Amino acid sequence: MPTKIVAAFVAVALMLAFLLPLVFKLKDASLAVVVGIGIAMMLRDLWQSLRAGDS
């Protein structure tokens, strides 16, 4: 289980490091909304997969 949590944090950090500079550089509100929705969906899926346990 700790390995899944570490991998999850690495995945979140890499996604944020990849997308946030683009959003800040382009300063486009619609892009920020789409990226925000994508990050929220990723975090929701991550939370569900971590709660499911080792099945």
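Preceding block: the structure.
Here is a short report on the structure shown in this document. (Residues numbered from 1 in each chain as written. Predicted model: local features only at pLDDT ≥ 70, side-chain atom pairs only at ≥ 80, totals over all residues. Heavy atoms only, no water.)

Glancing now at the overall build of the chain. Within the chain one finds 2 helices and 0 strands. By the compact-globule yardstick of 10 Å for 55 residues, the chain is too spread out, its C-alpha radius of gyration being 13 Å. Projecting the C-alpha coordinates of the chain onto the three principal axes gives extents of approximately 40 × 15 × 10 Å. In the chain, which comprises 55 residues, the proportion classed as buried is 13%. Summed over all atoms, the accessible surface of the chain reaches about 4400 Å², with 75% contributed by carbon and sulfur. (Helix = DSSP H or I, 4+ residues; strand = E, 2+ residues; numbered from the N terminus. Rg over C-alpha atoms; globule rule 2.2 N^0.38 Å. Buried < 20%, exposed > 50% of the residue type's maximum accessible area, 1.4 Å probe, protein only. Areas by Shrake-Rupley, 256 points an atom, 1.4 Å probe, with all protein chains shown as cover.)

Let's shift gears to a nonpolar patch on the surface. There is a patch of nonpolar side chains on the surface, built from Met1, Ile5 and Phe9 and spanning about 300 Å² of accessible area. Along the chain, Phe9 turns up in helix H1 (residues 2-26). (Patch = residues over 30% accessible without salt bridge, like charges linked within 9 Å, V, L, I, M, F, W, Y side chains within 5 Å. Salt bridge = Lys/Arg side-chain N within 4 Å of Asp/Glu carboxyl O.)

Further remarks concern the packing of H1 against helix H2 (residues 29-51). Between H1 and H2, the least distance of the axes is 10 Å, while the angle of their chain directions is 175°. One finds that H1 runs roughly antiparallel with respect to H2. Of H2, the residues touching H1 (which contributes Lys4, Ile5, Ala8, Val12, Met15, Leu16, Leu19, Leu22, Val23 and Leu26) are Leu31, Ala32, Val35, Gly38, Ile39, Met42, Leu43, Leu46, Ser49 and Leu50. Partitioned by chemical class, the residues of the contact of H1 with H2 number 17 nonpolar, 2 polar and 1 charged. (Axes fitted to C-alpha atoms, helices over the stretch in contact; angles between N-to-C directions. Parallel < 35°, antiparallel > 145°, perpendicular 65-115°, else oblique. Contact = heavy atoms within 4.5 Å. Nonpolar A, V, L, I, M, F, W, Y, C, P; charged D, E, K, R; others polar.)

Attention shifts here to H2. The end-to-end C-alpha distance of H2 is 33 Å, a good match for the 33 Å that 23 residues give at a rise of 1.5 Å each. Those residues of H2 that fall on the buried side of the exposure criterion are Val35, Ile39 and Leu50. Residues of H2 that are buried sit in contact with H1. At the exit of H2 stands Gly53, carrying a positive phi of roughly 85°. (Expected span 1.5 Å × (residues − 1).)

Phi angles above zero are rare outside glycine, and Lys27 is one such case at about 50°. Residue position: Lys27 is located in the loop between H1 and H2.

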